Amino acid sequence: HFQLLAISSRKLSIIPSVYDGEQDPGPKFFSSGVQALLKRLTRPDFSKVFRKRTNSNRPVLKTPEYKFLTNEELQSEFSKANKNAARLLQMPPVVKVHQPINEVLSKDPALVGYDNTKYLFTDITFGVPNEDRLIVERDPDGTLQMCDHDTRKRLNQIYFPIQGRKVREPMMFADEEKLNGLLEAEKYEYILDRACIQYEPDELSYQKVTSITYQHVDMKTNYKLLRSTRHFGPLAFYLTWHQSMDNLMLELLQTGVIREAVLLMGLRQAIHEDIAFASDLNALVHQVLPMPVQASKPDSLSEVDIQLDNQCIDCVVKYIAKNSAMKSQQELALQGFREDYQQMVELSRGLRKAHGEA
């Protein structure tokens, strides 16, 4: 059960799906198993995570430092880099759309006619989380009630401003043509970063913008633009939650990342539990997760790699036969991968034999 809201223009017509059904995506998204899969599917790449980015708040780039380090100091620096990368890749939360606030605290008929405007009262105690802050309104008819989400957000922004957030909605979100222009220019990361600043994760507007962006990425198969960013995990979760992850699966097969295809199947099983061979799949996922990320095609394959990859291929074959919505395309992509992979296997075994290792 999804709330459908149409966004259309000359170039684009997408119907966003928001998380407003009976099932709350939060528990699934925050579960340790799903988080591990999403972080691995993000395919962290330090060269992209730590790339130089334009930032109006930092007009001057820092001068790089060069150091002579011992092995222990080098490992310490790698550890710091991993922690910084994990912080930069922290995924925006996926939660259900918030429910309207309809809580009347009291009614005082004696105040009827006292004034023709409403009064807003805000607790401005420092250190209170914005979502817990007491904000109420007194209506001209004497009703005292809790403020709705939009009013709460505006008042919180006035008294405790979040850097980059505007009191009024930015034109890039309010004007459909401007948003469509940014999508056509493939400014996906910019759109999603701004959405994270402007909205809360449980706002309808946030989920509309992110849904439109995710679907545009999926339509254009431009997943690489969000890989190694904090938005790839929510993208993969969105596509899987809404039963539309087969295009992403196809892209993984076409690019020869067979192990990530298995992890994507594991994500589907974790969310929907509709894979017939779940026990075999979960066992294989636990084998693949600890393996290092394959950012590029390996130069050679060990027998352990060959055995694991063949298990992955068999698993994908079962998935295509029983669960895929794009059988013919995925079968063709898998066939191309198997042909290339077999050549790599023969080359690797030939090299080992030539060096007397076989």
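Residues numbered from 1 in each chain as written. Predicted model: local features only at pLDDT ≥ 70, side-chain atom pairs only at ≥ 80, totals over all residues. Heavy atoms only, no water.

The name given to the protein chain in an unreviewed UniProt entry is Mitochondrial ribosomal protein S22, with the source organism recorded as Papilio xuthus.

## Let's talk about the sheet that holds strand β5 (residues 135–138)
One open sheet accounts for four strands, arranged β3-β6-β5-β4; its pairing is antiparallel. Each edge of the open sheet is held by one strand with a lone partner, namely β3 (104–107) and β4 (119–122). On average, each strand axis in the sheet is inclined to that of its neighbour by 15°, with strand direction left out of account. Pairing geometry for β4 and β5, over four bridges, is antiparallel. Opposite T122, over in β5, you have I135 as the bridge partner. Each of β4 and β5 touches helix α5 (residues 149–159); the most contacted strand, β4, lies at about 60° to it. (Pairing = 2+ DSSP bridges. Helix = DSSP H or I, 4+ residues; strand = E, 2+ residues; numbered from the N terminus. Axes fitted to C-alpha atoms, helices over the stretch in contact; angles between N-to-C directions. Contact = heavy atoms within 4.5 Å.)

## Notes on the packing of aromatic side chains
Per the counting criterion, the structure on display carries nine aromatic pairs. On the numbers, 5.4 Å between centres and 50° between planes, the contact of Y214 with Y238 is tilted. With Y214 in helix α9 (residues 204–220) and Y238 in helix α10 (residues 232–241), the pair connects residues that are 24 residues apart, well separated along the chain. Accessibility expressed as a relative area gives 3% for Y238, which makes it buried. Through successive ring pairs, a cluster of aromatic residues spans Y19, F29, F30, Y214, F237, Y238 and W241. (Phe/Tyr/Trp six-rings, centres within 6.5 Å; stacked < 30°, edge-to-face > 60°. Buried < 20%, exposed > 50% of the residue type's maximum accessible area, 1.4 Å probe, protein only.)

## Considerations on the domain arrangement of the protein chain
As assigned here, the protein chain comprises domain 1 (16–46 + 84–98 + 156–242), domain 2 (104–147) and domain 3 (243–357). For domain 2 and domain 3, the distance between their C-alpha centres works out to 58 Å. (Domains from an automatic or database assignment.)

## Looking at the pattern of salt bridges
Inspection of the entire model under this criterion finds 15 salt bridges. With a closest N to O distance of 2.8 Å, R43 and E260 form a salt bridge. Taken together, the residues span a long stretch of sequence, with R43 in the loop between α2 (32–41) and α3 (46–49) and E260 in helix α12 (residues 258–272) at a distance of 217 residues. Both residues of the pair, R43 and E260, count as buried. Via salt bridges that share partners, K118, E137 and D139 belong to a single interconnected network. (Salt bridge = Lys/Arg side-chain N within 4 Å of Asp/Glu carboxyl O.)

## So, the packing of helix α11 (residues 246–254) against helix α15 (residues 327–354)
Where α11 contacts α15, the axes come no closer than 8 Å and their chain directions differ by 20°. Regarding the angle of α11 to α15, the classification is roughly parallel. Every pair of crossing elements has a handedness; the one defined by α11 and α15 is left-handed. When α11 is examined against α15, the residues D246, M249, L250, L253 and Q254 are found in contact with a partner set consisting of Q329, Q330, A333, L334 and F337. In the contact of α11 with α15, the residues fall into six nonpolar, three polar and one charged. (Parallel < 35°, antiparallel > 145°, perpendicular 65-115°, else oblique. Left-handed = near helix turned anticlockwise from the far one by under 90°. Nonpolar A, V, L, I, M, F, W, Y, C, P; charged D, E, K, R; others polar.)

## Remarks on a nonpolar patch on the surface
A grouping of I124, I158, Y159 and V167 is seen on the molecular surface, where their side chains present a nonpolar patch of about 390 Å² in accessible area. Mapped onto the fold, I124 is located in the loop between β4 and β5. (Patch = residues over 30% accessible without salt bridge, like charges linked within 9 Å, V, L, I, M, F, W, Y side chains within 5 Å. Areas by Shrake-Rupley, 256 points an atom, 1.4 Å probe, with all protein chains shown as cover.)

## Thoughts on the nonpolar core
F237, L253, L267 and V316 are the most contacted members of the largest nonpolar core, which has 71 residues in total. Counting contributing residues per domain, this core is built from domain 1 (16–46 + 84–98 + 156–242) and domain 3 (243–357), each supplying no fewer than three. Apart from residues no more than four positions distant in its own chain, F237 is found in contact with Y19, P25, K28, F29, V34, L38, V94, L267 and I271. (Core = buried A, V, L, I, M, F, W, Y, C linked by side-chain atoms within 4.5 Å.)

## Details of empty space enclosed by the protein
Any empty space left between the atoms is revealed when a probe the size of a water molecule rolls over them. For the structure on display, the rule yields two cavities of 30 Å³ or more. Considered as a void within the structure, the largest cavity measures approximately 100 Å³ in volume. Lining the largest cavity are 14 residues, with Y19, V94, Y206, T210 and Y214 positioned closest to its centre. Mapped by element, the contributors of at least two residues to the lining of the largest cavity are α9 and α10. Here the element with the most residues in the lining of the largest cavity is α9; it accounts for five residues. If you add up the space inside the second largest cavity, you get close to 40 Å³. As for the second largest cavity, its lining consists of R40, V257, R259, E260, P292 and Q294. Among the residues making up the lining of the second largest cavity, the classes are represented as two nonpolar, one polar and three charged. (1 Å grid on protein atoms, 1.4 Å probe; cavity = no way out; pocket = protein on both sides within 12 Å on 5 of 7 lines; lining within 4 Å. Points joined across faces, edges and corners; volume = space filled by probe spheres on them.)

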